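A structural walkthrough
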Amino acid sequence: MLLHWLLAIGIIFMFILGTYMEELPKGGTKVTNFDLFDLGLITIESSKEMSVRSFYFTLHKSIGVTIFFLVLFRIYWRLTHKPPKMLSSMSALEVKLATATHHAFYLLMFLIPLTGIIMSVGSKYGVHWFGIPFLPGIDNETLRELFKEFHEIFGLILLLFFILHFAGAIKHSLVNKDGVLKRMWFHK
Ligand code: HEM
């Protein structure tokens, strides 16, 4: 449950961050203080001067790598622990749909950060994890462009599955009232 909510928040945040940072202009003045999403709520101070675009790209990569390792741990956990049974009120079709959506989630949660990492290795910058060098960049445009496409397509597919997953959870709690959301929350 903890991993489910941690990853849900992390991945939603990464979608917002990815979409936001792409619109930022290249270059610009280098600074050390960054107002997160220009909302005037959270200011992040960097030890290194960088452009606003570089700051968000660096943040996206650092959080993305963290998510990648959390996903690997989640897959390990799923393989070594039995998942809770589906609700008995669910029809055979609903069980099939939910199982397929869950499998697609695991696959996409693995592939999205992986394609992001490969795309970044294809750039000249490589990947740093909160300032620590993680993987070098090899500056290969073909690799970068190809995995940029994969990153975007897998992201869009995940978004579609997320809508299906969210609609299912809402339908179960409002229409069926079978407590499916409650059992994903921390309670005795
Ligand atoms: C769950 C994890 C992730 C999510 C949900 C995510 C989502 C996104 C989204 C929505 C975009 C903007 C649209 C697009 O071009 O796809 C984006 C762009 C990008 N992502 Fe990710 N991302 C994730 C992980 C990563 C990781 C681990 C890296 C690299 C270490 C990465 C590197 C990038 C880069 C470099 C771009 C900008 C591409 C460009 O315009 O040149 N992402 N990501």
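Parameters and conventions
- Residues numbered from 1 in each chain as written.
- Predicted model: local features only at pLDDT ≥ 70, side-chain atom pairs only at ≥ 80, totals over all residues.
- Heavy atoms only, no water.
- UniProt positions renumbered as here; feature names shortened; annotations may be inferred.
- Helix = DSSP H or I, 4+ residues; strand = E, 2+ residues; numbered from the N terminus.
- Buried < 20%, exposed > 50% of the residue type's maximum accessible area, 1.4 Å probe, protein only.
- Contact = heavy atoms within 4.5 Å.
- Areas by Shrake-Rupley, 256 points an atom, 1.4 Å probe, with all protein chains shown as cover.
- Near = heavy atom within 4 Å.
- Polar contact = N/O pair within 3.5 Å; in protein donor to acceptor, adjacent residues only side chain to side chain.
- Nonpolar A, V, L, I, M, F, W, Y, C, P; charged D, E, K, R; others polar.
- Lys, Arg positive; Asp, Glu negative; His and termini not counted.
- Salt bridge = Lys/Arg side-chain N within 4 Å of Asp/Glu carboxyl O.
- Axes fitted to C-alpha atoms, helices over the stretch in contact; angles between N-to-C directions.
- Parallel < 35°, antiparallel > 145°, perpendicular 65-115°, else oblique.
- Left-handed = near helix turned anticlockwise from the far one by under 90°.
- Donors = N, O, S within 2.8 Å, 3.2 Å for Na, K, Ca; no water.
- Tetrahedral: all angles 85-135°; square planar, octahedral: opposite > 155°, others 65-115°.
- Patch = residues over 30% accessible without salt bridge, like charges linked within 9 Å, V, L, I, M, F, W, Y side chains within 5 Å.
- Charge placed at Lys NZ, Arg CZ, Asp CG, Glu CD.

For the chain, an unreviewed UniProt entry supplies the name Cytochrome B561 and the organism Methylophilales bacterium MBRS-H7. UniProt, in its Subcellular location (unreviewed entry) section for the chain, records the words "Cell membrane". As its UniProt record puts it under Cofactor (unreviewed entry), the chain is described as follows: "heme b".

1. A closer look at the overall build of the chain
Counting its secondary structure elements, the chain contains four helices and four strands. The helix and strand sequence of the chain, counted from the amino end, reads α-β-β-α-α-β-β-α. If you line up the chain on its principal axes, its C-alpha atoms span 60 × 40 × 30 Å. For the chain, buried positions account for 30% of its 188 residues. Restricting to contacts in the chain with at least 6 residues of sequence separation, those with at least 24 account for 59%. When the accessible area of the chain is evaluated, it comes to approximately 12,700 Å², of which 70% is carbon and sulfur surface.

2. Concerning the site of the ligand
The local shell around the ligand holds 23 residues, among which Glu22, His60, Gly116, His151 and Glu152 are the closest. Measuring from an oxygen atom of the ligand, one finds a side-chain N or O atom of glutamate 22 at 2.3 Å. A distance of 2.8 Å is found between a nitrogen atom of the ligand and a side-chain nitrogen or oxygen belonging to histidine 60. Broken down by secondary-structure element, the contributors of at least two residues to the shell around the ligand are α1 (2-22), α2 (52-80), α3 (92-122) and α4 (141-176). Partitioned by chemical class, the residues of the shell around the ligand number 12 nonpolar, seven polar and four charged.

3. With respect to the side chain of lysine 61
Relative to the assigned elements, lysine 61 resides in helix α2. Despite its burial, lysine 61 pairs with no opposite charge; the closest candidate is aspartate 139, at 11 Å N-O.

4. Thoughts on unusual backbone geometry
Of note in the backbone geometry, aspartate 38 takes a positive phi value of approximately 55 degrees without being a glycine. Residue position: aspartate 38 is located in the loop between β1 (31-35) and β2 (43-50). Among the residues examined, aspartate 38 registers a relative accessible area of 61% and is labelled exposed. With a phi angle near 45 degrees, phenylalanine 130 is a residue other than glycine that sits in the positive phi range. Within the secondary structure layout, phenylalanine 130 lies in the loop between β3 (127-129) and β4 (132-135).

5. Structural notes on the packing of α1 against α2
It is at 10 Å that the axes of α1 and α2 come closest, and there the two elements cross at 155 degrees. It follows from the interaxial angle that α1 and α2 lie roughly antiparallel. The handedness of the crossing between α1 and α2 is left-handed. Residue composition of the contact of α1 with α2, by class: 17 nonpolar, five polar and three charged.

6. Some words on the coordination of the iron atom of the ligand
The protein atoms that coordinate the iron atom of the ligand are His60 (NE2) and His151 (NE2), at distances spanning 2.0 to 2.1 Å. For the iron atom of the ligand, the six donor atoms in the first shell make angles of 86 to 179 degrees at the metal, so the coordination geometry reads as octahedral. Pair noted here: histidine 60 is in helix α2 and histidine 151 is in helix α4, with a separation of 91 residues, a long-range link.

7. With respect to a negative patch on the surface
Taken together, the side chains of Glu22, Glu23, Glu149 and Glu152 present a region of like negative charge at the surface. The topology assignment puts glutamate 22 in helix α1.

8. Some words on the UniProt feature "domain: Cytochrome b561 bacterial/Ni-hydrogenase" (unreviewed entry) in the chain
Within this numbering scheme, the UniProt entry marks residues 2-186 as carrying the feature "domain: Cytochrome b561 bacterial/Ni-hydrogenase" (unreviewed entry). A helix fraction of 63% and a strand fraction of 11% characterise residues 2-186, whose end C-alpha atoms lie 9 Å from each other.

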